[in-house]
Amino acid sequence: MSRSAPTAPQRPHKRPSKPPRVALALAGGGPLGATFEIGALCALADALEGLDLTGCDHYVGVSAGGFVAAALANGITPHALCAAFIEGQGEDAQGFNPNDLMQPAYAEMARRVASLPGLLLGASWDLVQGKPLSRALERLGPALPTGLLDNEAVHRQLQHLFEQPGRSNDFRQLHTRLTLVATHLNSGQATPFGRPGWDHVPISRAVQASAALPGLFPPVAIDGEHYVDGALKKTVHATVALDEGMDLLICLNPLVPFDASRPQRRLSPRIPSLVEGGLPAVMSQTFRALIHSRMALGFKHYERLYPHTDILLIEPEPHDAELFFANTFSYHQRREMAEHVYQQTLQWLRQRRASLRPQLARHGISLRDAVLDDPQRHLLAPARPRHRLGQALARLQDTVDELQHTLRQREALA
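Quick notes on the rules
Residues numbered from 1 in each chain as written. Predicted model: local features only at pLDDT ≥ 70, side-chain atom pairs only at ≥ 80, totals over all residues. Heavy atoms only, no water. Helix = DSSP H or I, 4+ residues; strand = E, 2+ residues; numbered from the N terminus. Buried < 20%, exposed > 50% of the residue type's maximum accessible area, 1.4 Å probe, protein only. Contact = heavy atoms within 4.5 Å. Salt bridge = Lys/Arg side-chain N within 4 Å of Asp/Glu carboxyl O. Core = buried A, V, L, I, M, F, W, Y, C linked by side-chain atoms within 4.5 Å. UniProt positions renumbered as here; feature names shortened; annotations may be inferred. Expected span 1.5 Å × (residues − 1). Phe/Tyr/Trp six-rings, centres within 6.5 Å; stacked < 30°, edge-to-face > 60°. Patch = residues over 30% accessible without salt bridge, like charges linked within 9 Å, V, L, I, M, F, W, Y side chains within 5 Å. Areas by Shrake-Rupley, 256 points an atom, 1.4 Å probe, with all protein chains shown as cover. Pairing = 2+ DSSP bridges. Axes fitted to C-alpha atoms, helices over the stretch in contact; angles between N-to-C directions. Parallel < 35°, antiparallel > 145°, perpendicular 65-115°, else oblique. Left-handed = near helix turned anticlockwise from the far one by under 90°. Nonpolar A, V, L, I, M, F, W, Y, C, P; charged D, E, K, R; others polar. pLDDT = per-residue confidence, 0-100.

1. A look at the overall build of the protein
Then, number 1: The helix and strand tally for the protein stands at 15 helices and 10 strands.
Then, number 2: Across the 414 residues in the protein, those meeting the buried criterion constitute 48%.
Then, number 3: Looking at the protein alone, contacts between residues at least 24 apart form 78% of all its contacts between residues at least 6 apart.

2. Observations concerning the pattern of salt bridges
Then, number 1: Tallied over the full model, the rule gives 14 salt bridges.
Then, number 2: With its nearest N and O atoms 3.0 Å apart, the salt bridge here joins Arg-172 to Asp-170.
Then, number 3: Shared partners join several salt bridges into a network, and the residues in it are Arg-353, Arg-357, Asp-369 and Asp-373.

3. Some points on the nonpolar core
Then, number 1: In terms of nonpolar packing, the biggest core is built from 79 residues, with Leu-24, Val-68, Leu-81, Leu-178, Phe-193 and Ile-203 touching the most fellow members.
Then, number 2: The element that contributes the greatest number of residues to this core is helix H1 (residues 30-47), accounting for 10 residues.
Then, number 3: Not counting chain neighbours up to four residues away, the residues in contact with Leu-24 comprise Leu-41, Cys-56, His-58, Tyr-59, Val-60, Leu-72, Leu-249, Ile-250 and Leu-252.
Then, number 4: The next biggest cluster of nonpolar side chains, apart from the first, holds 18 residues, and it includes Ala-27, Ala-238, Leu-242 and Met-295.

4. Let's talk about the UniProt feature "short sequence motif: GXGXXG" (unreviewed entry) in the protein
Then, number 1: UniProt marks residues 28-33 with the feature "short sequence motif: GXGXXG" (unreviewed entry), using the numbering shown here.
Then, number 2: Here residues 28-33 runs as 67% helix and 0% strand, with 6 Å between its end C-alpha atoms.

5. What about helix H7 (residues 152-162)?
Then, number 1: The complete set of buried residues in H7 reads Ala-153, Val-154, His-155, Gln-157, Leu-158, Leu-161 and Phe-162.
Then, number 2: On its buried side, H7 packs onto helix H2 (64-73), helix H3 (78-86) and helix H8 (203-210).

6. Some remarks on helix H12 (residues 334-351)
Then, number 1: Over its 18 residues, H12 runs 25 Å from end to end, which matches the ideal 26 Å to within 8%, given 1.5 Å per residue.
Then, number 2: Residues Arg-334, Met-337, Ala-338, Glu-339, His-340, Val-341, Tyr-342, Thr-345, Leu-346, Trp-348 and Leu-349 constitute the buried set of H12.

7. Quick word on unusual backbone geometry
Then, number 1: In this structure, Asp-223 is a non-glycine residue whose phi angle is positive, near 55°.
Then, number 2: Mapped onto the secondary structure, Asp-223 falls in the loop between strand E6 (220-222) and strand E7 (225-229).
Then, number 3: Judged by relative accessible area, Asp-223 falls into the exposed class, the value being 60%.
Then, number 4: Residue His-237 is not a glycine yet carries a positive backbone phi of 60°.

8. Focus: the packing of aromatic side chains
Then, number 1: Taken as a whole and assessed by the stated rule, the structure comprises 9 aromatic pairs.
Then, number 2: When the centroid spacing of 5.7 Å and the interplanar angle of 85° are considered together, the rings of Phe-193 and Trp-198 count as edge-to-face.
Then, number 3: A relative accessible area of 0% places Phe-193 in the buried class.
Then, number 4: Between Trp-198 and Tyr-227 the ring centres are 6.4 Å apart and the planes differ by 80°, which places this aromatic pair in the edge-to-face class. Taken together, the residues span a long stretch of sequence, with Trp-198 in the loop between strand E5 (190-193) and H8 and Tyr-227 in strand E7 at a distance of 29 residues.

9. Comments concerning a nonpolar patch on the surface
Then, number 1: The grouping of Leu-127, Leu-133 and Leu-137 at the surface amounts to a nonpolar patch, some 300 Å² of accessible area in total.
Then, number 2: Looking at the element boundaries, Leu-133 is found in helix H6 (residues 133-138).
Then, number 3: Looking at Leu-133, the relative accessible area reads 53%, which means it is exposed.

10. Looking at the pairing of strand E3 (residues 58-62)
Within a regular strand, the side chains alternate between the two sheet faces.
Then, number 1: For E3, a buried count of 5 out of 5 residues is recorded, marking the element as mostly surrounded by other parts of the structure.
Then, number 2: Of the two faces of E3, the one lined by His-58, Val-60 and Val-62 and the one lined by Tyr-59 and Gly-61 are each fully buried.
Then, number 3: Of the pairings in the sheet, the one linking strand E1 (residues 22-26) to E3 comprises 4 bridges and is parallel in character. Bridged to Ala-25 within E3 is Val-60.
Then, number 4: Strand direction decides the pairing type here: E3 and strand E4 (residues 177-184), joined by 5 bridges, are parallel. Counterpart to Val-60 in the pairing with E4 is Thr-179.

11. Topic: the pairing of E7
Then, number 1: Taken together, the 3 bridges between E4 and E7 define a ladder with antiparallel strand orientation. Counterpart to His-184 in the pairing with E7 is Tyr-227.
Then, number 2: The hairpin formed by E6 and E7 contains 2 residues between the paired strands, and Asp-223 there has a positive phi angle of roughly 55°.

12. Examining the packing of H1 against H12
Then, number 1: It is at 8 Å that the axes of H1 and H12 come closest, and there the two elements cross at 45°. The angle between H1 and H12 falls in the class oblique. Note on packing geometry: the crossing formed by H1 with H12 is right-handed. Counting all contacts with H1, which are made through Leu-32, Thr-35, Phe-36, Gly-39, Ala-40, Cys-42, Ala-43, Leu-44, Asp-46 and Ala-47, the residues of H12 involved are Arg-334, Met-337, Ala-338, Val-341, Tyr-342, Thr-345, Leu-346 and Leu-349.
Then, number 2: Taken together, the residues of the contact of H1 with H12 sort by class into 13 nonpolar, 3 polar and 2 charged.

13. Some remarks on the environment of Gly-364
Then, number 1: For Gly-364, the location among the structural elements is in the loop between helix H13 (353-361) and strand E10 (366-367).
Then, number 2: We classify Gly-364 as buried; its relative accessible area is 16%.
Then, number 3: Each C-alpha atom, one on Gly-364 and one on Leu-51, is 8.1 Å from the other, the two residues being 313 residues apart in sequence.

14. Considerations on the confidence of the model for the protein
Then, number 1: On average, residues of the protein carry a pLDDT of 85, and 83% of them reach 70 or more.
Then, number 2: Scored below 50 in pLDDT, residues 3-15 makes 38 contacts in the model with residues more than four places away or belonging to other chains.
Then, number 3: Contacts of residues 404-414 to residues separated by more than four positions or lying in other chains number 4 contacts, the stretch itself having pLDDT below 50.

Given below as structure tokens:
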């Protein structure tokens, strides 16, 4: 994990006389990004005293981060999100099927195929007139689908989730402010759903629009206009919260470029360099580098314009091969990755304990040392294999872990 430097000068860390205004900004990153954010938020919930992650003053979400932000604004705790969407447990998990998000966009494909006869006729006429073949092929472009996967399930499943008792799918009925940013396709401008003038749009539909990655999902139609992924314009869009005078802004960004220049235990046996990973590795690195460099410039801008706001940026370490090589759109790894991020976030807090303690104290937040110093702390219970040999090995592993913990305690007392 890494973070930005504190944006405010060192001040006395007395407890604030009035409740601090806290905002949470969550970037995108596909299903893996949502898993990262849930794991990190669970670690923050466990390790920080005085921070209510369902009681922030403003939530800003982009793409996959919009789903997590909308859930928190609806009072769903990080651990409840983990139970439902990482482990598939509880009532909230019953209406959620990850496989629904991987269905082909049949309706979009059928609509494009229906336009093909007319487009072929126009292309043929161009060839008859002696126009270049490239011109004729350009005419066939509108026959290509704008997205491969159907994202209507995003709206449908979240609508069911947010319409449960005690929750709302209406921005205007939330107890706090929620902003979900998408990009208006025709103008390329950011659209802040949840702000005045845009708060009539259902939250579930706004999440669907904010997460509509071009090429993967079709643009989302809202009020006769089309919207795509909010990350096209900015990575975090934190200014919508900072402009309201926040005292503390916590940002989570799941995607960082991978540093393969140093030896990696996981990387070296498989790929001596990223280029050997082929197009997927190269494209992943390129995409991460682009959005992260843009975000870094944005945070320097925040430091200048909002000097009285403390900003914490939590993101993966650049040498975290586990996260880089995980499939961004895979759900079968979500349990393993959530636990990995949980542990990494606790380590991040431990390593920066000395500097974080006074910074957080300014906002009435303290570190739970008992949580940070507990080597047996886990987010998820180990999955128990069903066959007898696997169960025996699992019990053996538990015994070895307990023995190592005992030895570490004795070494600390020696």
